[in-house]
Every structure is written in C-alpha cells, then in structure tokens.
Amino acid sequence: MDKTIAIIGAGPAGSMLAAKLASDANKVCLFDPKAPWEKPCGGMLGSDTIDAHPELKNYPYPINQCHEMVYISPRNDRTKVPAQTAIPIISRLELSCYLLDMAKNSSAAFIPKKVLNISQDQSRWVIETEDSAYIADLIVGADGANSMVRKATIGNFPEQHLSLTCGYILTGVPEDQYITKFLDIPGYIWVFSRANHTSTGIGATLGTVSGKDLFKKLHDFLSENYPGFRITKKYSALIAAVADERFFDQPCSGDNWLLVGEAAGHVDPVTGEGIHYAFGSAKAAAQAIGADDIHSYEDLWRDQYGDRLKQGAAAKQNLLIMGQDFGPEIIGAMMYFRAVRNFTDAR
Ligand SMILES: Cc1cc2nc3c(=O)[nH]c(=O)nc-3n(C[C@H](O)[C@H](O)[C@H](O)COP(=O)(O)OP(=O)(O)OC[C@H]3O[C@@H](n4cnc5c(N)ncnc54)[C@H](O)[C@@H]3O)c2cc1C
C-alpha cells in the first residue's frame, strides 16, 4: 500500500497498529505528546492477553500476578475468588515504553506532538500540530475517550456512554492487594498492586456522581483500609463505558478513516477494561488496511469481540435502569454479585 497513514495516539491501540503497519512497509506517522507515559489505568490485563498477543511474549518489565481477587460488597461482605489462571497487572508507563519502542523499531515515524486540528483537503487529511502540518491518505483515531478523530467523523461519545474516573498512584500499601469494592454508585473502587506502587481509583457513569464525591469515597475507603498510604500521583480521566448495545451497530470506519481501541468505544462496558480490546482492534485494523479494504475492519472486530461488547452494554443499561427504579444501592449489590459469579469463567 503506497499511502501515508497518520495514527493519532500512541496508546496500546495506536502503538500496536503502528508497529504492525510499519513492519509491512507502510508509511506511518504516529502522533502523541505524552507517550511514553503513566496513563490513568488499573493496569489489569485479561489472563489470556499475553498469550493472545505474541508481541508481548518478550515483555521485559515486571508483571504482578493476581491469583485471587477480593470483592467487597456495599455492606462490606468480603468474597475471595481464586483466578483459574493468574491475571497479569502491569505499569502503564512500562507498557507504553515497550509498545512505543516496538512501533519505532518497525520504522514508524513517531511525532511527539499533540494534534491540534484535523481537516480534509479533497480525499486527503491535513493534520496540524502547533508548528507543522502533515498530509495523510488515511487517518486512524487511536486517541482515547476524548478522541478528536471520532469527533470529526461520527461524533463525540454521548455523555451516557462515558464514565468519570478519579484515582491515585500510591505507596505505603501492603503488597498483593487485588481488591474491588462496590458502593452505591454505577461503578466501583479498585486497588491493584504493581511492582513498585499501587494503582487505585474509582469510577462511575458520567453525571451520576461528582468528581469531588468520587475522590471522597475513594479517600474514605483508603483511610479505613490502608492508614499508611501515601499519594504520589493524582488523576481524573474519562473512560468509554457504553450503556446501549445499539451503539455497537455504528460504523467505526469510513473510506479514509478508522477508529480503534477506546476511541471506537471498545472497552468492557461494565468493568472498564479496554487494553485487550485495544490490541484486538489494532490487529483487525492492520489486517483491513493491509488488504486495502478498510471496510472489512467492521466485520473483523465484530467477529472477534462484537457480541461481548454488546452483552456488556446491555448489562450496563440494565444496571442503570435498576438503579433508577430501586435506588443506587441495588447497582453495587448487582455488580458485586455479577463480579463474583463471573470472575473465574470470564477470564
Ligand atoms: C482510570 C482507568 C482505569 C482503567 N483500568 C483498566 C484496567 O485495569 N485494565 C484495562 O484493560 N483497561 C483499563 N482501562 C481502560 C484502558 O486504559 C483503555 O481502554 C486503553 O488504554 C485504551 O487504549 P487506547 O490505545 O485505545 O487509548 P489510550 O490508552 O487512551 O491512548 C490514547 C493516546 O492518545 C493520545 N492522544 C489523545 N489526544 C491526542 C491528540 N490530540 N494528539 C495526539 N495524541 C493524542 C493520548 O496521549 C494517549 O496516549 C482503564 C481506564 C481508566 C481511565
């Protein structure tokens, strides 16, 4: 393919796609002002993610292995659920370094700049950073929940399909903490141990709980359970969390554009886990672009995991409806029940 491909965003989706396309001799420009960076994230992979992606087999950084998850109900009942297969937890900074190096080593041109504007000039894209303009035949939105490529193509995520997350990177917490705490909100708190620190956060459907209240709930939980904790970094971020299965009938591609990973909404609607889908969508996109048949991307990602996303979106919608009908307490109780039931076989 003798075309220039601009990929906006060097997260798991963008970097994996850049590596795949550049190693097949495509001209690839990968834009990101932050990468490599510690993106707000729990860092929990699916137990099969490393096996499913041979590119990760030689991952050189530490991986914590969760063998048992502790679920805490809204009434503080604790259930320990052993994992059938250990669940890897990684640092996002280290994953970011690894994937970006992979893209650069495959000859993708990395441009460490924020894309400020994109526009179309006939069939080509003009990509503007603060000091330069670039021309591309194909643009890929790998730019996460606030995707500007999504905005310019099929439109922003509606508010009901987003969650607000707030959290911390911590030290001073005992090792081997793999905790999910459910509350009276459409979301949950997590505490995941990593090699040198702990990742913790709280999320809820956008518009249901303010950021201030989310931080308070998280702080109260941490103070009660880990009195010695120290905050090294604080964040808040949006996350795609689709609450209507019809969302996934929308296209994620056009004649000269594609959305991958979180920009496409490919994130588990209930748990918020999206790294696995980011890799899956990147590979589906690489296959479609490699075959010079962009529209085949639609079937490729849907065949791989479309049904799972739809089931998750329907479950999320049901949780929100139950919350409206019976009060927010029921949401935490149902999420606790669902998590305990699903943990071993869903991973
Ligand atoms: C708090 C939180 C906790 C999470 N926990 C987990 C978890 O434990 N497990 C899991 O699997 N998933 C988790 N997720 C979801 C996961 O982080 C995402 O689904 C995943 O990172 C998506 O990968 P991506 O490459 O599509 O996008 P991202 O990782 O979001 O990467 C997008 C990239 O685009 C760049 N970008 C954005 N705008 C521009 C621009 N204008 N110009 C250039 N670059 C731009 C950003 O800098 C960023 O590097 C969590 C998300 C959040 C917010």
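Scope of this entry: the structure provided in the associated data block.

What counts and how
- Residues numbered from 1 in each chain as written.
- Predicted model: local features only at pLDDT ≥ 70, side-chain atom pairs only at ≥ 80, totals over all residues.
- Heavy atoms only, no water.
- Pairing = 2+ DSSP bridges.
- Helix = DSSP H or I, 4+ residues; strand = E, 2+ residues; numbered from the N terminus.
- Axes fitted to C-alpha atoms, helices over the stretch in contact; angles between N-to-C directions.
- Parallel < 35°, antiparallel > 145°, perpendicular 65-115°, else oblique.
- Left-handed = near helix turned anticlockwise from the far one by under 90°.
- Contact = heavy atoms within 4.5 Å.
- Buried < 20%, exposed > 50% of the residue type's maximum accessible area, 1.4 Å probe, protein only.

Regarding the sheet that holds strand β9 (residues 138-141)
Two modes of strand pairing occur in sheets, parallel and antiparallel, and in both the strands are linked by backbone hydrogen bonds.
Then comes step 1: Here we have five strands laid out as an open sheet, ordered β5-β2-β1-β9-β15, and parallel in their pairing. Every interior strand has two partners, whereas the edge strands, β5 (109-111) and β15 (257-259), have only one. Taken pair by pair, the neighbouring strands of this sheet meet at an average axis angle of 20°, ignoring direction.
Then comes step 2: Bridge count between strand β1 (residues 4-8) and strand β2 (residues 27-31): five bridges; the pairing is parallel. The partner of I5 across the bridge, within β2, is V28.

With respect to the packing of helix α1 (residues 12-23) against helix α6 (residues 275-290)
Then comes step 1: The N-to-C vectors of α1 and α6 enclose an angle of 30°; their axes lie 8 Å apart at closest approach. Regarding the angle of α1 to α6, the classification is roughly parallel. The way α1 lies across α6 gives a crossing that is right-handed. The residues of α6 that touch α1, namely those facing P12, A13, M16, L17, K20 and L21, are I275, A278, F279, A282, K283, A285, A286 and I289.

A short note on the environment of A133
Then comes step 1: Relative to the elements of secondary structure, A133 occurs in strand β8 (residues 133-136).
Then comes step 2: For A133, a relative accessible area of 55% puts it in the exposed group.
Then comes step 3: Counting along the chain gives 88 residues from A133 to L45, while the straight-line C-alpha distance between them is 36 Å.

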